[in-house]
Amino acid sequence: MKNRLVQKALSLAITMALLMVALMMISDVVRDRIYNRDRAVQSVVNSTAGPQTLFGPVLAQRCTREVSGKDSEGRVETRLVSFQRYALPDELSHQTRAEMQPRARGLYQVNTFLMHDKLVARFAPGNQLQGKPEGSAVRHCDAPRLVLPLSDPRGLRSATLQVDGKPLPLEPGTGHSVYPRGLQSKTLAAGASGGDSNATMEVVVLLQLMGTERVAFVPLGGTNQVSMQADWPHPSFGGNFLPLSREVSDQGFTASWSIPALASSARQAFVQERSLCSLGIADTSYAYAAEESQCLEQFGTSFIDPVNPYSLSDRATKYGVLFVVLTFVAVAMFEVLKKLRVHPVQYLLVGSALCIFFLLLISLSEHLGFTRAYAMGAGACVLLLGYYASHILGSLRRGLPFAALIAVMYGLLFVLLQLEQTALAVGSLALFAVLAIVMVATRKVDWYAFGKGDNPEPAPKTWAQGLQERA
């Protein structure tokens, strides 16, 4: 323990442990704010509507069939079992326009939208209702009805239906056991029952639908055409199909999809009554399947905020330990090369300033936006550390380069936060550059001599003492 280098290493290890505890506490604060934001989103969803998914319309018919079997005593019994038959559209198109209507819960903003959708479905002649189980006798079938399932019908503001140009009334619910939410029409135009008409049946549905953060479609048609326009400049296209064409500008975006039935299994999955899986944020839709293979295929757009202060702050805190280590390396470089002695308490104060930066970042970004909060927090920390370093390192000439180094580190961290694909590569190159600088700068240091504590060096002169001597 007489070796000064060993003493300094142990003291810095204790200091780092204390700072890591502080960073963990700040990370908990960030996660708590993210949790509060998610609760705010869920609160808006509960009050308005969640992510919206549209599929259909389809012709559905409830039938019953006789099933024979033996009871526990071996006697033959016959019972009635209900099932559904469907006629899916041969052509399906959506012309959609979404207007963003952001809502707020306290400090948290939620991206809600009002969607205007013109849905046109055509059923070709001879498009028969299908789904009758093989080897069973159909006992009775209800009249066919037109159903339009929706993931969250609470968002409906208006809906009109025309079949072959004639308006028909709509009723809530679908009467379906797996897809119960949505709309239905039990009164169909003449010749529409069963799809047996010699003429094409055209169904036009006009919808005004509110939702939160995402809209999606299920390609149930033989051909599926979707064109979407919105006044949101940050779309995130997802699902099982990406748009065929898209244009994104500062005023919004336009996108179009064209999906043939040969490219999708959605029609077969709907007849098999598979679950609608969630690609969005809120569990307000139907029962979700655990495996993707058991899900209805869908595609759509999420209205995201690319500069999310909570996700960026969470990413920033993950660099906290590395940030503190690099700063300690910079202080140690001055200590070794300039033959200074910096007390562990001074290391602790410098590290504390770095930790508080991440707390400033999350708190200010909720009010000012991430970029402005980052600039203000980083600027304040650079000024504070530059002023403090000028005193612990003995002169202003040493404090200014240290402040410049801290500013470069904050700039590098900001760049890393903006990058996604190349963040790891840029971070690795920066670490390699830091290691190279340290190795080159300390290549002539006699570490054995530095570690001896027999002749301790006098305490460094403060900045004020240096100014007095030069005066």
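A brief structural summary.

1. Digging into the overall build of the protein
Point 1. When helices and strands are tallied, the protein shows ten helices and 20 strands.
Point 2. Burial status across the protein gives 43% buried among its 471 residues.
Point 3. For the protein, the share of sequence-separated contacts (at least 6 apart) that also reach a separation of at least 24 residues comes to 77%.

2. Details of the sheet that holds strand E20 (residues 299–303)
Point 1. Overall, mixed pairing links the four strands, which are arranged E1-E15-E20-E17 in an open sheet. Of all strands in the sheet, those with a lone pairing partner are strand E1 (52–54) and strand E17 (235–239), marking the two edges. Here the average twist between neighbouring strands, direction ignored, is 15°.
Point 2. As judged from the three bridges shared by E1 and strand E15 (residues 214–217), these two strands associate in the parallel manner. Residue pairing in the sheet places Leu54 in a bridge with Phe217 of E15.

3. Concerning the pattern of salt bridges
Point 1. The final tally for this structure, using the stated rule, is seven salt bridges.
Point 2. Arg37 serves as the salt-bridge partner of Glu213, at 3.2 Å between the closest nitrogen and oxygen. A residue pair is termed long-range when its members are at least 10 positions apart, and Glu213 in the loop between strand E14 (201–212) and E15 and Arg37 in helix H1 (residues 4–47) qualify at 176 residues. This pair shows no difference in class: Glu213 is buried, exactly as Arg37 is.
Point 3. Where salt bridges share partners, they join Glu91, Arg122 and Glu202 into one cluster.

4. A short note on the packing of helix H4 (residues 320–337) against helix H7 (residues 396–418)
For any two helices packed against each other, one specifies the crossing angle of their axes together with the interaxial distance.
Point 1. Closest axis-to-axis distance for the H4/H7 pair is 11 Å, and the angle between their directions is 160°. Between H4 and H7, the crossing angle belongs to the class labelled roughly antiparallel. Where H4 crosses over H7, the two elements pack in a sense that is right-handed. Across from Phe323, Leu326, Thr327, Ala330, Val331 and Phe334 in H4, the residues of H7 making contact are Arg398, Pro401, Phe402, Leu405, Ile406, Met409, Tyr410 and Leu413.
Point 2. Considering only residue class, the contact of H4 with H7 consists of twelve nonpolar, one polar and one charged.

5. Some words on the sheet that holds strand E10 (residues 156–163)
Neighbouring strands of a sheet are bound in pairs by backbone hydrogen bonds; such pairs are parallel or else antiparallel.
Point 1. One open sheet holds the eight strands; their spatial order is E11-E10-E14-E7-E4-E16-E19-E18, and the pairing between them is mixed. Edge positions in the sheet fall to strand E11 (166–168) and strand E18 (245–249), since each of these pairs with one other strand and no more. Taken pair by pair, the neighbouring strands of this sheet meet at an average axis angle of 15°, ignoring direction.
Point 2. Where strand E7 (residues 112–123) meets E14, twelve bridges bridge the pair, whose relative direction is antiparallel. In the strand pairing of E14, Lys118 is matched with Leu206.

6. What about unusual backbone geometry?
Point 1. In this structure, Asp164 takes a positive phi of about 55° despite not being glycine.
Point 2. The topology assignment puts Asp164 in the loop between E10 and E11.
Point 3. Accessibility expressed as a relative area gives 39% for Asp164, which makes it partly exposed.
Point 4. Phi is positive for Glu273, which is not a glycine, with a value near 60°.
Point 5. Mapping Glu273 onto the fold places it in the loop between helix H2 (266–271) and E20.

7. Side note on the nonpolar core
Point 1. Membership of the largest hydrophobic core comes to 41 residues, with the highest contact counts inside it found for Phe357, Phe358, Tyr374, Leu393, Phe402 and Tyr410.
Point 2. Elements supplying a minimum of two residues to this core: H1, helix H3 (309–318), H4, helix H5 (344–368), helix H6 (370–392) and H7.
Point 3. Broken down by element, the residue count for this core peaks at nine residues, all from H6.
Point 4. Excluding residues that lie within four positions of it along the chain, Phe402 makes contacts with Thr327, Ala330, Val331, Phe334, Leu385, Ala389 and Leu393.
Point 5. Counting residues in hydrophobic clusters, the runner-up holds 39 residues, among them Met100, Leu161, Met201 and Trp257.

Rules used throughout
- Along each chain, residue indices are assigned from 1 in the same order as the chain's sequence is written.
- In keeping with the model being predicted, local features are shown solely for residues with a pLDDT of at least 70 and side-chain atom pairs are shown and tallied solely at 80 or more, while totals for entire chains, interfaces and linings include all residues.
- The side-chain numbers reported here are obtained from all heavy atoms of the structure, hydrogens and water having been left aside.
- Where helices and strands are cited, they refer to DSSP runs of H or I of at least four residues and of E of at least two residues respectively, numbered from the N terminus.
- Under the scheme applied here, a residue whose accessible area is under 20% of the maximum for its type counts as buried, over 50% as exposed, and between as partly exposed, the area being computed with a 1.4 Å probe on protein chains only.
- Note on contacts: a residue pair qualifies if any of its non-hydrogen atoms lie within 4.5 Å across the two residues.
- Two strands qualify as a pair provided DSSP detects at least 2 bridges between them.
- To get an axis, fit a line to the C-alpha atoms, keeping to the stretch in contact for a helix; angles then go from 0 to 180 degrees between the N-to-C directions.
- Here, a salt bridge means any side-chain nitrogen of Lys or Arg that lies within 4 Å of a carboxyl oxygen of Asp or Glu.
- An angle below 35 degrees is read as roughly parallel, one above 145 as roughly antiparallel, one from 65 to 115 as roughly perpendicular, and any other as oblique.
- Handedness of a crossing follows from how the near helix is turned relative to the far one, being left-handed for an anticlockwise turn of less than a right angle and right-handed for a clockwise one.
- Only Asp, Glu, Lys and Arg are considered charged, only Ala, Val, Leu, Ile, Met, Phe, Trp, Tyr, Cys and Pro nonpolar, and every remaining residue, Gly among them, polar.
- For the purposes of this section, nonpolar cores are sets of buried Ala, Val, Leu, Ile, Met, Phe, Trp, Tyr and Cys residues that join through side-chain atoms within 4.5 Å.

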